Amino acid sequence: MDEQTDFYAYSSMRVNKLTRRSVYCPGTKVRVCMEIGINRKEHKHKDPLGGGAANSGSRKRINLALQGGGFHGAFAWGALDRLLEDDCIDFDGISATSVGAVNATVLAYGLTVGGRAGARHALAAIWRRVATLASLNPLQPTPFDRLTGNQSLETSPAFVQFDILTRLFSPYQLNPFNINPLRSILCDTVDFDAIRNARCPIKLFLSATNVRSGKIRVFHNDEIGPDAVLASACLPFLFQAIEIDGEHYWDGGYMGNPAIFPLIYNCDSRDVVIVHINPIERPDVPKTPREILNRINEISFNSSLMREMRSVCFVTKLIEEQKILDKTIKRMLIHSIEATDIHKKYL
């Protein structure tokens, strides 16, 4: 079983356990529990989008927040596939970053042109393409690591050499023609006109980091094309900054992984389900150079989300204490899907 399939299978199993009792736990003392699903006996009408016996008006509408994290995005694919399979759940908006932006874009496209079945098919198709491409990549675990079940690349000679090169040379030197295989995969898989079309059933919010100003840029449906997705997933040590409208962008994870505020301001649903693929906590202190760098990246890429969660909890506390009387301010219900135990195996 390859790494992408392993993540997919595990996340499908984990969501099967969590969709009925999602919890918000990272970084605060506030814990919110609620039922995401609703009684299946109430669903007697056929879904016009091909999702089974459910009426869209009676489904539980939720927002999704998809983190970035490289091939760990296969875990989010499994989570999304399981949610799409559940005809009790509908989607209002999706805020996403990096590989989360890829998943969100493909899901929105598939849902627009083929309903829930189309979304599941599109996600499976793009991850099979990614898996095929990854199998041809020279950056692989050593035979000994495969035998011992170690999925880390830390002892892979090809990876070590590549890692050193990225420290000595920029992508403008290593990749002067700015070749990114993800661009061709996206263009072959997604018709971006369908996402920009008014009939797209999902509000998309893709985050990128403005290189010059250091501020977050959130791309909405009518602004999303291949460049917007690539900007959200642009790791500065691997790819040249993506230029859009005269500004240059890096990976959105630096400023919003993912951003929650677009869902609060632009969506009707109060429920936000965060699919975590970056571990927030680790029991051991990292000691090798690779472990230290991984942990730095995890902390950096989770920091913006933690700040937003503290703000949400602060406002929630004010609402509970009736210190905010403005009825237009809604209490947000934050839920979490995570599998820190399996993610740690692949770092």
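Located above this text is the structure these notes cover.
Since the model is a prediction, treat every value here as computed from it, not as a measurement.

## Remarks on the packing of helix α2 (residues 73-85) against helix α3 (residues 99-135)
Two packed helices can be described by the angle between their axes and the distance between those axes.
Moving on, step 1. Between α2 and α3, the shortest axis-to-axis distance is 9 Å and the interhelical angle comes to 25°. Relative to α3, the element α2 lies roughly parallel. Considering only the axes of α2 and α3, their crossing is right-handed. Of the residues in α3, those in contact with Gly73, Ala74, Ala76, Trp77, Leu80, Asp81, Leu83, Leu84 and Glu85 of α2 are Val99, Asn103, Leu107, Leu111, Arg116, Ala119, Arg120, Leu123, Ala124 and Trp127.
Moving on, step 2. Among the residues forming the contact of α2 with α3, the class breakdown is 13 nonpolar, two polar and four charged.

## Side note on unusual backbone geometry
Moving on, step 1. In this model, Asn257 is joined to Pro258 through a cis peptide bond whose omega is -10°.
Moving on, step 2. When you line up the elements, Pro258 lands in the loop between β8 (247-251) and α10 (261-266).
Moving on, step 3. Backbone geometry places Asn178, a non-glycine residue, at a positive phi of 55°.
Moving on, step 4. Among the structural elements, Asn178 can be located in the loop between α6 (171-174) and α7 (181-189).
Moving on, step 5. Take Asn178: its relative accessible area is 28%, and that puts it in the partly exposed class.
Moving on, step 6. With a phi angle near 55°, Asp245 is a residue other than glycine that sits in the positive phi range.

## Observations concerning the pairing of strand β4 (residues 89-97)
Moving on, step 1. With nine of its nine residues buried, β4 lies for the most part within the structure.
Moving on, step 2. Following the backbone out of strand β3 (residues 60-66), through α2 and into the adjacent parallel β4, one traces a crossover that is right-handed.
Moving on, step 3. As defined by bridge partners, β4 adjoins strand β5 (residues 203-210) across five bridges and the pair is classed as parallel. Residue Ile94 lies in a different strand from β5, and its bridge partner there is Leu204.

## Notes on the packing of aromatic side chains
Moving on, step 1. If you walk through the whole model with that rule in mind, you get four aromatic pairs.
Moving on, step 2. Aromatic side chains Phe219 and Tyr249 sit 5.7 Å apart centroid to centroid with 70° between the ring planes, which places their arrangement in the edge-to-face category. Within this pair, whereas Phe219 is found in strand β6 (residues 216-219), its partner Tyr249 is found in strand β8, the two being separated by 30 residues in sequence.
Moving on, step 3. Note on Phe219: relative accessible area 1%, which makes it buried.
Moving on, step 4. Given the relative accessible area of 2%, Tyr249 is considered buried.

## Quick look at empty space enclosed by the protein
Moving on, step 1. Evaluated as defined, the whole model comprises two cavities of 30 Å³ or more.
Moving on, step 2. By volume, the second largest cavity is sized at about 30 Å³.
Moving on, step 3. Taken together, Asn178, Asn180, Arg183, Leu230, Phe239 and Ile242 form the lining of the second largest cavity.
Moving on, step 4. In terms of residue class, the lining of the second largest cavity is made up of three nonpolar, two polar and one charged.

## Some details on the pattern of salt bridges
Moving on, step 1. Taken as a whole and judged by the stated rule, the model has 17 salt bridges.
Moving on, step 2. Note that Lys60 is salt-bridged to Asp271, the shortest N-O span being 3.0 Å. Residue Lys60 is located in strand β3, and its partner Asp271 is located in strand β9 (residues 271-275); the two are separated by 211 residues in the primary sequence.
Moving on, step 3. Taking relative accessible area as the criterion, Lys60 reaches 22% and is therefore assigned partly exposed.
Moving on, step 4. Given the relative accessible area of 3%, Asp271 is considered buried.
Moving on, step 5. As a salt-bridge pair, Glu298 and Arg282 come within 2.8 Å of each other at their nearest N and O atoms. Of this pair, Glu298 sits in helix α11 (residues 289-320) while Arg282 sits in the loop between β9 and α11, and the two are 16 residues apart along the sequence.
Moving on, step 6. Judged by its relative accessible area of 4%, Glu298 is buried.
Moving on, step 7. Take Arg282: its relative accessible area is 28%, and that puts it in the partly exposed class.
Moving on, step 8. One network of salt bridges, in which partners are shared, links Arg59, Arg61, Asp90, Asp92 and Lys203.

## Quick word on the nonpolar core
In summary, soluble globular proteins display a tendency toward joint burial of nonpolar side chains.
Moving on, step 1. Ranked by size, the top nonpolar core spans 57 residues in total, and within it Leu64, Ile94 and Leu107 carry the most contacts.
Moving on, step 2. When residues of this core are assigned to their parent elements, the largest contribution, 15 residues, is made by α3.
Moving on, step 3. Among the nonpolar cores identified, the runner-up in size contains 13 residues, and Phe205, Ile260, Met332 and Ile334 belong to it.

## As for the environment of Ala131
Moving on, step 1. Note that Ala131 resides in helix α3.
Moving on, step 2. For Ala131, a relative accessible area of 17% translates into the label buried.
Moving on, step 3. It is 9.3 Å that separates the C-alpha atoms of Ala131 and Phe71, two residues lying 60 residues apart in sequence.

## Some thoughts on the packing of α3 against α7
Moving on, step 1. Two numbers describe how α3 lies on α7: the axes approach to 10 Å, and their chain directions differ by 145°. The hand of the α3/α7 crossing is right-handed. Packed against α3, whose contacting residues are Val102, Tyr109, Ala122, Ile126, Arg129, Val130 and Leu133, the element α7 presents Pro181, Leu182, Ile185, Leu186, Asp188 and Thr189 at the interface.
Moving on, step 2. In the contact of α3 with α7, the residues fall into ten nonpolar, one polar and two charged.

Definitions and limits used
- Residues numbered from 1 in each chain as written.
- Predicted model: local features only at pLDDT ≥ 70, side-chain atom pairs only at ≥ 80, totals over all residues.
- Heavy atoms only, no water.
- Axes fitted to C-alpha atoms, helices over the stretch in contact; angles between N-to-C directions.
- Helix = DSSP H or I, 4+ residues; strand = E, 2+ residues; numbered from the N terminus.
- Parallel < 35°, antiparallel > 145°, perpendicular 65-115°, else oblique.
- Left-handed = near helix turned anticlockwise from the far one by under 90°.
- Contact = heavy atoms within 4.5 Å.
- Nonpolar A, V, L, I, M, F, W, Y, C, P; charged D, E, K, R; others polar.
- Buried < 20%, exposed > 50% of the residue type's maximum accessible area, 1.4 Å probe, protein only.
- Right-handed = clockwise from strand over helix to strand, strands pointing away.
- Pairing = 2+ DSSP bridges.
- Phe/Tyr/Trp six-rings, centres within 6.5 Å; stacked < 30°, edge-to-face > 60°.
- 1 Å grid on protein atoms, 1.4 Å probe; cavity = no way out; pocket = protein on both sides within 12 Å on 5 of 7 lines; lining within 4 Å.
- Points joined across faces, edges and corners; volume = space filled by probe spheres on them.
- Salt bridge = Lys/Arg side-chain N within 4 Å of Asp/Glu carboxyl O.
- Core = buried A, V, L, I, M, F, W, Y, C linked by side-chain atoms within 4.5 Å.

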